[in-house]
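# Remarks on the overall topology
Residues per chain are reported as follows:
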Amino acid sequence: MFEAILLKCILSLKGERSISGIYHLIQGKRSSQTLQDARIYEIDRFFGVYPQLNKAQVNRVMDQMVNKGWIEINEEGLPAIKDAGMNYLASSFINKKHYFNGMVYHRHVTIFEKRLRLLIQTVTCTQMNNLSFLPIEDDANIQKWVKIKYKEHRPKDLVKALFQEVYELLLTVREKEAELFTARLTGGNLTGRTREQLALRYQMLKENVDLNIRHTWFYMFQQVINNPRSFPALFICMEGLQANDLITDSAKQTYEWLRRGYELEEICKKRRLKMSTIQDHVVEAALVMPTFDITPFISVENQETIGRMQAALKTNKLKNLYESLNRKYTYFELRLVLARTNYAQKEKNTHGQPTSS
Amino acid sequence: MGSPHLLDHLKQHFGYSSFREGQQEIIEDVLDGKDVLGILPTGVGKSLCFQLPSLLQKGTTIVVSPLISLMVDQVKQLKAKGFKSVIALNSFMEPKERKAVFQSLNNYRLIYLSPEMLQNRIITQELKKLYVELFVIDEAHCISQWGHEFRTDYLKLSQATKEFGDPVILALSATATPEVQDDIKRQLNKPDMVPHIYRMDKPNMSFAVEDVLYHQEKVERIKSIVSNKPAPTMIYFSSRQAAEQVAVELTVALDQRIAFYHGGMENMDRLLVQQQFMKDELDVICCTSAFGMGVDKPNIRRVIHYHFPTQIESFIQEIGRAGRDGKPCASLVLHTPSDQVLPQMLLEKELPQEEDVDRLIRWMEQKDELQVDEEMAEILQLSESQWNFLKYHLEHHHVVSNRTIQRNIDLTGLRAKISQRLKERWLYKNRKYKQMVNWIHCSGCRRKQLYAPFQKEISKPMVMCCDYCGFSIDDLEIKEARVESGDAIENWQDRLRTLFLQETTYDKT
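- As annotated in an unreviewed UniProt entry, chain B carries the name ATP-dependent DNA helicase RecQ and comes from Halobacillus andaensis.

- Chain A is annotated in an unreviewed UniProt entry as Helicase Helix-turn-helix domain-containing protein from Halobacillus andaensis.

Here you go:
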């Protein structure tokens, strides 16, 4: 799975981005460069799906894929996919139907996961009269949240309802995912297995253990949020997790100023930030908010001119675009237009959620 | 035994029906308002010596502890037992959280903090507002330059206690030679501390060292020992990588439940391994010294050292985790000639080199103030403990105060002084290391020689004594049957049902 995701990214990036770029994307680095890459190369579903990932892991697997003849890496360090890699990717479900939806949900899924893990441990342990269990989640906010929810519901009912809902959902995922997911849970008299233990038992990469489980969490999250009435107990863990499109808090603030009618220069002064930073925020808003209007920053005619050139060049490399348009437009304007055009395409391509596997 | 009054409280708050050796004597003296130096072997519940008084006294108890993970662990366990008025202050707290805690400090009976935090003005100002009745120094050997883990911030503790209006002091350690004990009293300026020193030898433990030629032989030997009779076993390593590798090898070769544990793992995974081991879901744990803090598992039968530590004190601490239930247990060191390399490398990481001192001096000649610690370590390419050593000496010689570098200082003289200290420290560390190595090669009763630096006499062992006296680890008597656990459940549906306490089969509707 990890390999397939890397291959998919390599393929989509057309040799225009480095391995670091791919790493940042999967890890979920919140820079506007990474966000923009995710959007315009249409791999935003993988954005932030693996927050614990480190660079060495990526390098190791990339090297392995070079040795297997799946990819090649040129002198500039840019990876490209080869036929064997294409074949492998074609055989993976990552290439067809998967439930990762990182750009939109990665932070929500993390919170959902933490809440549910601790909630399951809490209700099952207290049900057994074990009041002195050590919480598997350290996060004080999550603990506080679970404490409140615990008091609001009857633990006995919650145990039963959570079991039924989790069970039902796991029946609709791949067997391996259900096994890994269940083995990692802690509750009742059972302690979860570590990723290392699971990797050894199932003879798979540690990264694949993590990603398979993560995939199940994404699946669950979306099933629950789309069918709250079918999963009332799990829906408890959705509290406050409405899709919140703007990624960084800082960008959100800039957006608020814009909405109130402030000019970019004024926002710079108000927020004591550099113009380039404010521009990053605007691009970020254009990338993630379907309704964000970019015409105040670049006219419709100019948008069309840039769009036509981009279609002709078939590249997302800003520099090429910039030169081909005789340096008539700023990089800021180009980035805005790219964010928009690709957004429109994107909506068409992935319309409708994949159904259960 | 014990006054009925204290016993009632012990039962009521902790659920124990009797004190372990030393606890009651120390608690009584503390409640009596005496300063106490308590040396208790690992595993007899040192922390109870202040946890119980903190519940019985009006004022606040402050506990200084060197390791954040240790504090967090203790606080977690106390909370799990139902103590709510306890907190660990640490530098990782969010400003918002910190502010909220400061405003309600007087609601806490027990406050854990690191010695570094006592250097923070804002924090001491807040703490001074409290009525501090008991001031506890955990791991008090850190105060001594002759202790095995000298921590420079511990030297400032006696100043701190004055600021809190001279509360009762309780200094606790598991490993302090008589030399270190004297140093603790001197540094705290409390010559009249009441000593409560207890022997740390364990009559239920046998010792053995086995020489092998290659590392692979160690693994083979472990396989044969462990498969001979499954029982909770800890295997200590000095390297994370080796711990992982051997854990994998053992898992493949043996039909036993094996895991590894080290500081490089993610929080949740560390917690899971620890819990699995505690709940008898694991037979063997391959770990580094990161494991064990706050692990109070009664039935550990074997502690095997795949690598030996750099000093006897650490060794005693590590083997002290075995046999807390009083039943027979054993320590085994597996030794090959090439083992000397790793400890040497570890020692080198702890102390700076002469070149590092030069680099520091050159850097200081061009600057007015120091950067924060992490950056200094980065700039000078030093490990954390190497930088701490240098920083302490800069402050100690008044070359730096509050990060500002004083002008007109004799840098050459400073360099000579630091070099001198460095040499002494190296000699000291090497001496400790030699002591450890000598024990491994000793040709006499291992039990006697191991505890000789700490106590004059040893108790008569109730098990076979050591390999000199004819013991082999294969002779270890293990009576209990292995505890089976839910890990045996392979099928995910069954595991989920067990986890959710659902006995009946669930029909999908």
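Picking up where we left off.
## Details of the sheet that holds strand β7 (residues 194-197) of chain B
All names here are of chain B.
- The parallel open sheet is built from seven strands, whose spatial order is β3-β4-β2-β5-β6-β1-β7. Each edge of the open sheet carries a strand with a single partner, namely β3 (86-89) and β7. Averaged over all pairs of adjacent strands, the angle between their axes in this sheet comes to 15 degrees, without regard to strand direction.
- Where strand β2 (residues 60-64) meets strand β5 (residues 132-137), five bridges bridge the pair, whose relative direction is parallel. From the neighbouring strand, Thr61 faces β5, where its bridge partner is Leu134.
- The strands that helix α2 (residues 23-31) touches are β1 (36-39), β5, β6 (168-173) and β7; relative to β1, the one it contacts most, it runs at about 165 degrees.

## Focus on the interface of chain A and chain B
- The interface of chain A with chain B comprises 34 residues on the first partner and 29 residues on the second.
- Counting residues per element, the ones that place at least two in the side of chain A that touches chain B are α6 (102-127), α8 (155-170), α9 (175-184) and α10 (195-201) of chain A.
- Looking at the side of chain A that touches chain B element by element, the count peaks at seven residues for α8 of chain A.

## Considerations on the domain arrangement of chain A
Residue and element names in this part refer to chain A.
- According to the domain assignment, chain A contains domain 1 (2-95), domain 2 (102-238) and domain 3 (249-349).
- Here domain 1 and domain 3 have C-alpha centroids that lie 25 Å from each other.
- In this assembly, eight residues from domain 1 lie in contact with twelve residues from domain 3.
- The class makeup of the residues in the side of domain 1 that touches domain 3 is three nonpolar, two polar and three charged.

## Here's the deal with the packing of α6 of chain A against helix α7 (residues 140-152) of chain A
All names here are of chain A.
- In contact at an axis separation of 10 Å, α6 and α7 are set at 50 degrees when each is read in the N-to-C sense. On the basis of their axis angle, the class for α6 and α7 is oblique. Pair α6 / α7 crosses with right-handed handedness. Contacts between α6 and α7 involve Lys114, Arg115, Leu118, Leu119, Thr122 and Val123 from the former and Ile142, Gln143, Trp145, Val146, Lys149 and Tyr150 from the latter.
- A class-by-class count of the residues in the contact of α6 with α7 yields seven nonpolar, two polar and three charged.

Analysis parameters
Residues numbered from 1 in each chain as written. Chains lettered and ligands numbered in written order. Predicted model: local features only at pLDDT ≥ 70, side-chain atom pairs only at ≥ 80, totals over all residues. Pairing = 2+ DSSP bridges. Helix = DSSP H or I, 4+ residues; strand = E, 2+ residues; numbered from the N terminus. Axes fitted to C-alpha atoms, helices over the stretch in contact; angles between N-to-C directions. Contact = placed C-beta atoms within 7 Å. Domains from an automatic or database assignment. Nonpolar A, V, L, I, M, F, W, Y, C, P; charged D, E, K, R; others polar. Parallel < 35°, antiparallel > 145°, perpendicular 65-115°, else oblique. Left-handed = near helix turned anticlockwise from the far one by under 90°.

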